[in-house]
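# Understanding the architecture of this molecule
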Amino acid sequence: MLATSILVGFWQIWKNEETNIAHEDERLNFVLQRVMKDLSTVVEDTARNVVMLAGTPPIQGILTARRNNSVAEIARIEEAIWKDRLAQIFLSLAESNRNLLQVRLISLDGKEAIRVNRTGDKVERVTPQELQDKGRYDYVRQTLGTARGKIKYFGIDYNREHGEIEEPRVFVMRVATMAFGKNDEPLGIIVINIDMSRVIAKMKGTVRSPKQLLLINEKGTYLTMPESDTSEAEIQARLQAFRTSYPDLAARLDKGWRGGDNETVRISNQSFIARIGQMRFDWSDPSHYLLAVTMTPMKELLAQNREMQKQVILFTALLALIGANVAYILTRHFIKPLQLLTDAARQLSRGATVDSLKVDGRDRPDEIGVLLRSVYEMASNLEEKQKSMRAILTTAQNPILMISQRGIIQHVNDATEQLFGYSREEMVGQNISMLMNEHDRKHHDGYLQRPSLSRPGKILDGGREVQAMRKDGTIVPIHLAVSKLHIKNELFFTGIMTDLTELKKVDKMKSEFVSTVSHELRTPLTSIKGALGLLRSTSGDALPESGMKMLDIAYANCERLSVLINDILDMEKIEAGKLTYAFALFDLVPFLAEVIETNRAYAEQARVSFVFTRPSDPIVLFADRCRLEQVVTNVLSNAVKYSPDGAQVEVSACVEESKVRIAVRDHGEGIPEDFHDKIFGKFAQADSSDTRTRGGTGLGLAISREIIKAHSGQIEFETAAGEGTTFFITLDIAPEDQSFNRAQPPGFLAEQLENTRHIA
């Protein structure tokens, strides 16, 4: 009975070729799905790496160095420090992932700012002289200007240098995204080149023979057919032979098959059976896609069928002689590999390495062989990813640690040990409060329990500066960027730190230098100014007209230099938090009239007049009268400077709910559009050559903005080319009951206390 059942089954296989074809189709579909999934996994990992690099602290550090430093040399030093740190992160990533050929930061002008190359097993940062201008390439032009978080994928093709295919031939795929600061200020683009030749070579082990796997890009290039050392003539000869042997399949591929995500289609005729599928890494971009094909020549399939017929005859004879033994052997033939696979999976779950596993049969040509190879490769990929993450964590120059929601330290890297002086064993398992100063330690546990922290997502607040404590009790300033992650439904926090000690020293040196120079200049300048004033008042008749003119010029230059020094000192006081305010109640209406009258002589010299639309009712403010006069005077003088002869500067004040809005309008040329974002910066001047003739230090609006911020107000502007500019100053009106604390501006200190910073 057993022999009869077996003979009937084999007879059906022998007589029914469709069964074999259907069986082969299932195998090809399985392999194709596996290949497409592996490719997607590599690209998705790279996309995550691109986004991770775009959000690292050095990105914000470079932008801050460019924007905040007024001393050019210091700015260059700070920017170079941040670039070196970003390059170290690039190097760590490239060393941990052998699939990466290049990691680059390309500036907004299309020029490379940082580039890390892989050559064989060697990963190194290129010198500044080797950096290239990539602005003309499509992947740069198409990525620039995209929104934050938008990832751009560029299809797999030969790597080209200067427009020529690089030898030996290597297929690359580029993944790019824009890098922004915390205020959405763009820095450039992060680009990663994937070594697709290496990725594809690893995938060939998934199929029975390399010739059964074909990958074709949107340009019609066959990615799996030529090896890296194959000549162009050999490539063309192979392609022609393929088209000659399988003209139907080649014609279908040349047209470019279009399908849906994860969709595969069977194609077969007398020559072959194949499965074809299309991959798009970004389905919103139809211009880049990849065709994946697994195929088996029908001749090979039929040869297997004839071989199977011979085996049927052989097995029939053997079954007649040793039926029970053959059944046992067949059982062992299929069950043993599955048992080994089960044991291997159990060992992996216990932390065993892939090399220690005993999984025989990976070279088998059947489904079990495919399954064994797939499981082995998945385990290898998982182990490689774990090694990569450990390598990134260990070799990162920035201190990195991970804590649980209860604040217990889970992991730290070497840089964290170096920064705080604790060993890894001393930190892991302890509460993160051991690294905090006394103030933050009191508030930290309550901060971790805030409901807002339970929402998954993004870097908290874009990072912040905090004071941490070393093992020896010393305080170290750090920049802390915290992100959340969920592992098995449990919330964890990862902190990336940057030691700010050196940056603080540089800032202190800059401040001391500017303050010393300003103070050393002010004393002799006061004496010179007094002497010139005395000469002008007592020697007017004794000097010729040319001499008096020189005295007037010298006196005016002393006035201008005195204003510059005072502005610099005010700016330094603001940055150091030492600028004091004397808040008091006063009526804004007569105050504006007085300030306008004070500046009227200056306006008349420029042949400009003031027009004040005086409010009918009093407007009571609680503010520092002198500082507010400094702000209004600055805005009025700017309006006069940029007004044409005979023009009017219009001043008004109107009440809007509980606030008053002061408006100063001129009829000049307006502010250039490319200068809008810089107008409140230090030493900001729209046109340096023109501004020299009109005077000004470039600090007035920067100081004015800080003074208005201290009053919980706003300073804004509206401008139109050729029509003029209007500056608006918005302030709170004093409450009618006057029951607030008059020793400080309402809401100002309360806001400072509310913004107390904690380590999270």
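Going by the structure above, here's the rest.
Below is a short write-up of the structure. Predicted model only: the values in this text are computed from it and were never measured.

Of the pairings in the sheet, the one linking strand β15 (residues 464-469) to strand β16 (residues 475-487) comprises six bridges and is antiparallel in character. Each bridged residue has a counterpart across the sheet, and for Q467 the counterpart in β16 is P477. By the bridge criterion, ten bridges tie β16 to strand β17 (residues 490-499) in an arrangement that is antiparallel. The residue bridging I478 from the neighbouring strand is D499, located in β17. Counting the residues between successive antiparallel strands, the hairpin from β16 to β17 contains two residues, one of them, K488, with a positive phi of roughly 55 degrees.

Before going further, it helps to examine the packing of helix α3 (residues 57-68) against helix α4 (residues 72-96). α4 packs onto α3 with a crossing angle of 165 degrees between their chain directions and a minimal axis gap of 8 Å. Considering their axes alone, α3 and α4 lie roughly antiparallel with respect to each other. In the crossing of α3 with α4, the sense of the turn from one axis to the other is left-handed. Only A75, E78, E79, W82, K83, R85, L86 and I89 of α4 make contact with α3, whose side of the interface consists of P57, P58, I59, G61, I62, A65 and R66.

With that out of the way, let us pick up the pattern of salt bridges. Taken as a whole and judged by the stated rule, the model has 23 salt bridges. The partner of D38 in a salt bridge is R34, with the nearest N and O atoms 3.2 Å apart. Of this pair, D38 and R34 both sit in helix α2 (residues 17-54), four residues apart, which is roughly one turn of the helix. Like R34, D38 is buried. Overlapping salt bridges, with partners in common, bring together R66, E79 and K83 in one network.

What follows covers helix α6 (residues 196-203). Among all positions of α6, only M196, V199, I200 and M203 are buried. Projected down its long axis, α6 shows its buried positions confined to an angular sector of 95 degrees, all on one face. The residue sitting at the N-terminus of α6 and contributing the capping side-chain oxygen is D195; that oxygen lies 3.3 Å from the backbone nitrogen of S197.

Once that is clear, we can look at the environment of T119. In this structure, T119 sits in strand β2 (residues 112-119). The exposure class assigned to T119 is exposed, which follows from its relative accessible area of 57%. Along the chain, T119 and L101 lie 18 residues apart, while their C-alpha atoms are 7.7 Å from each other.

In this model, D184 sits at a positive phi of 60 degrees, which is unusual for a non-glycine residue. Note on placement: D184 falls in the loop between β7 (171-180) and β8 (186-195). For D184, a relative accessible area of 49% translates into the label partly exposed. The backbone of E657 shows a phi angle near 60 degrees, a positive value even though the residue is not glycine. Topologically, E657 is positioned in the loop between β21 (648-656) and β22 (659-665). A relative accessible area of 80% means that E657 is categorised as exposed.

Thresholds, definitions, all that
- Residues numbered from 1 in each chain as written.
- Predicted model: local features only at pLDDT ≥ 70, side-chain atom pairs only at ≥ 80, totals over all residues.
- Heavy atoms only, no water.
- Pairing = 2+ DSSP bridges.
- Helix = DSSP H or I, 4+ residues; strand = E, 2+ residues; numbered from the N terminus.
- Axes fitted to C-alpha atoms, helices over the stretch in contact; angles between N-to-C directions.
- Parallel < 35°, antiparallel > 145°, perpendicular 65-115°, else oblique.
- Left-handed = near helix turned anticlockwise from the far one by under 90°.
- Contact = heavy atoms within 4.5 Å.
- Salt bridge = Lys/Arg side-chain N within 4 Å of Asp/Glu carboxyl O.
- Buried < 20%, exposed > 50% of the residue type's maximum accessible area, 1.4 Å probe, protein only.
- Arc of directions from axis to C-beta.
- Polar contact = N/O pair within 3.5 Å; in protein donor to acceptor, adjacent residues only side chain to side chain.

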